[in-house]
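# Chain and residue survey
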Amino acid sequence: MEAVTKHKIVEMETKRGSGWKITILLITLALIFILSFALGRYPVPPGQLLEVLASRVFPIEAHWNATVETVIFQVRLPRIFAAILVGAALSTAGAAYQGMFKNPLVSPDILGASAGAGFGAALAIYFSFSMLGIQMMAFVGGLLAVGLTYGISLRIRHDPMLALVLSGVMIGSLFTAAISCIKYIADPYDKLPAITFWLMGSLASITPRDVYMVLTPILLGGILLYLLRWRLNVLAMGEEEARVLGINTTLMKTVVIVCCTLMTAASVSISGLIGWVGLVIPHLARMIVGPNYRVLLPASILLGGAYLLLVDDLARLLASMEIPLGILTALIGVPFFLYLLLNTKWGWK
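In this text, all values refer to a predicted model and were calculated from it rather than measured experimentally.

## Concerning the packing of aromatic side chains
Applying the stated criterion to the full structure yields 6 aromatic pairs. Look at Tyr 97 and Phe 101: their rings are 5.8 Å apart centre to centre, the planes differ by 45°, and that puts the pair in the tilted class. Pair noted here: Tyr 97 and Phe 101 are both in helix α3 (residues 66–101), with a separation of 4 residues, about one helical turn. A residue is classified by how much of its surface remains accessible, and Phe 101, at 9% relative accessible area, is buried.

As structure tokens, then:
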């Protein structure tokens, strides 16, 4: 009885200690959100931003240029929301996969979702599809790749988890080779630059319609993972322990894979291939709040959204031409991950 009481006290102290960290992450995201409007070739001061946003709710007389509203609602706001959604989706999927596979080197594209989405987009660009067509093909390609990975792994009985990872590597390599074939036969003056730039990742051409299109799959996958966050704690302990505690591990893994695939494919469909977010951010969140998924998942959501939004701001400001996000996330992610390799005592628990 005394041990149980002590355990409850420790758990309450852990929640209390993590609560203020989550609050700080939320405030950080809000500050970067406001700051992002003030950065760029047409800056919008915070005071004016609040007035314009409030005018949509309260009867405030407009004393600003109509261009300001266009910049806020048609350019900056969709891009900011897209950066937050994509960053949160990739980091959440990475955190869930790392717990499910009990492997700190797992990222959201481990099952081939990113490669499949890249192939779908490259194929659509090659056949001159519209932007909506490119995004739909990328989304379908990501789902197809993970579907093939999961279907192949089901036919291998001796080690299902290893089979899933190896199948993902093979399917990812297959779709990567298919992308290379499309780039090889594409018009080098028109289609090839468009395919190459899309694969580097960017949010430069985001519209409100793009945000609406991916909002449902990202929210659906994220909410389901959030509701199952305590089961992810049990799953991270191992399959045998999870079964003993009454968890249907096969169903749980299937739900996690479906949710992560929806989020990853939807993200890649509007942003292109942005690496290292789903690999590095869950580690950073784990360093801040610990391994408990009850707080790790919310921390990954907030930290991922804030991180990619900040990187997108840097992409707009560092040079006269916009730098692809995939380049910046690699330049930032690789040194940070090397730091983790050199200074962290590895071990899942």
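## Some words on unusual backbone geometry
With a phi angle near 60°, Ser 128 is a residue other than glycine that sits in the positive phi range. With respect to the secondary-structure elements, Ser 128 resides in the loop between α4 (113–126) and α5 (131–153). Non-glycine residue Trp 276 carries a positive phi angle of around 75°. Along the polypeptide, Trp 276 turns up in the loop between α11 (249–271) and α12 (277–289). On the basis of relative accessible area, Trp 276 is assigned to the partly exposed category, the value being 30%.

## Things to note about the environment of Ser 18
Relative to the helices and strands, Ser 18 is located in helix α1 (residues 2–38). Here Ser 18 falls in the buried class, since its relative accessible area comes to 5%. Between the C-alpha atom of Ser 18 and that of Ile 288, which follows or precedes it by 270 residues, the distance is 8.5 Å. The residues touching Ser 18, leaving out its near neighbours within four places in the chain, are Val 289 and Val 295.

## A closer look at the side chain of Lys 191
Structurally, Lys 191 can be placed in helix α7 (residues 191–200). Here Lys 191 sits buried without a salt bridge, and the closest side chain of opposite charge, Asp 190, lies 4.8 Å off (N-O distance). Of the polar contacts made by the side chain of Lys 191, one reaches the side chain of Ser 128; its length is 2.9 Å. Beyond its immediate stretch of four places on either side in the chain, Lys 191 contacts Ile 125, Tyr 126, Ser 128 and Ala 186.

## Section: helix α6 (residues 160–185)
Its 26 residues place the ends of α6 37 Å apart at the C-alpha level, agreeing with the 38 Å of an ideal helix rising 1.5 Å per residue. For α6, the secondary structure elements touched by its buried residues are α3, α4, α5, α7, α10 (239–244) and α11.

## As for the side chain of Arg 79
If you trace the backbone, Arg 79 turns up in helix α3. With relative accessibility at 10%, the residue Arg 79 sits in the buried group. At a separation of 2.8 Å, a polar atom in the side chain of Arg 79 contacts the side chain of Asp 312.

## Overview of the packing of α3 against helix α8 (residues 208–227)
Where α3 contacts α8, the axes come no closer than 10 Å and their chain directions differ by 25°. As judged from the angle between their axes, α3 and α8 are roughly parallel. Here α3 and α8 pass one another in a crossing that is left-handed. Here Phe 73, Gln 74, Pro 78, Phe 81, Ala 82, Leu 85, Ala 89, Thr 92 and Ala 96 of α3 lie close against α8, whose contacting residues are Pro 208, Val 211, Leu 215, Ile 218 and Leu 225. In terms of residue class, the contact of α3 with α8 is built from 12 nonpolar, 2 polar and no charged.

## Considering the nonpolar core
Within the largest apolar cluster, 78 residues are counted, with the highest numbers of intra-cluster contacts made by Ile 72, Tyr 97, Phe 101, Leu 111, Leu 225 and Val 256. No other element matches the 19 residues that α3 contributes to this core. Of all hydrophobic cores here, the second largest spans 14 residues; its members include Ala 121, Ala 124, Ile 182 and Trp 198.

## Notes on the environment of Arg 41
Mapped onto the elements of the fold, Arg 41 is located in the loop between α1 and α2 (46–55). Using a relative accessible area of 71% as the deciding quantity, one classes Arg 41 as exposed. Between the C-alpha atom of Arg 41 and that of Phe 127, which follows or precedes it by 86 residues, the distance is 34 Å. Each residue touching Arg 41, except ones within four places of it in the same chain, is listed here: Arg 76 and Ser 320. A distance of 2.6 Å separates a polar atom in the side chain of Arg 41 from the backbone oxygen of Ser 320.

## So, the confidence of the model for the chain
Looking at the chain, the pLDDT average stands at 87 and 93% of residues meet or exceed 70. For the chain, per-element mean pLDDT is lowest for α1, which scores 72, and highest for helix α13 (residues 293–317), which scores 95. A low-confidence stretch, residues 1–13 (pLDDT under 50), is modelled with 1 contact involving residues beyond four sequence positions or located in other chains.

## Notes on the state of the cysteines
Applying the stated rule across the entire model yields 0 disulfides. Considering cysteine sulfurs only, Cys 260 is the nearest to Cys 259, which forms no disulfide, with 6.8 Å between them.

Basis of the calculations
Residues numbered from 1 in each chain as written. Predicted model: local features only at pLDDT ≥ 70, side-chain atom pairs only at ≥ 80, totals over all residues. Heavy atoms only, no water. Phe/Tyr/Trp six-rings, centres within 6.5 Å; stacked < 30°, edge-to-face > 60°. Helix = DSSP H or I, 4+ residues; strand = E, 2+ residues; numbered from the N terminus. Buried < 20%, exposed > 50% of the residue type's maximum accessible area, 1.4 Å probe, protein only. Contact = heavy atoms within 4.5 Å. Lys, Arg positive; Asp, Glu negative; His and termini not counted. Salt bridge = Lys/Arg side-chain N within 4 Å of Asp/Glu carboxyl O. Polar contact = N/O pair within 3.5 Å; in protein donor to acceptor, adjacent residues only side chain to side chain. Expected span 1.5 Å × (residues − 1). Axes fitted to C-alpha atoms, helices over the stretch in contact; angles between N-to-C directions. Parallel < 35°, antiparallel > 145°, perpendicular 65-115°, else oblique. Left-handed = near helix turned anticlockwise from the far one by under 90°. Nonpolar A, V, L, I, M, F, W, Y, C, P; charged D, E, K, R; others polar. Core = buried A, V, L, I, M, F, W, Y, C linked by side-chain atoms within 4.5 Å. pLDDT = per-residue confidence, 0-100. Disulfide = S-S within 2.5 Å.

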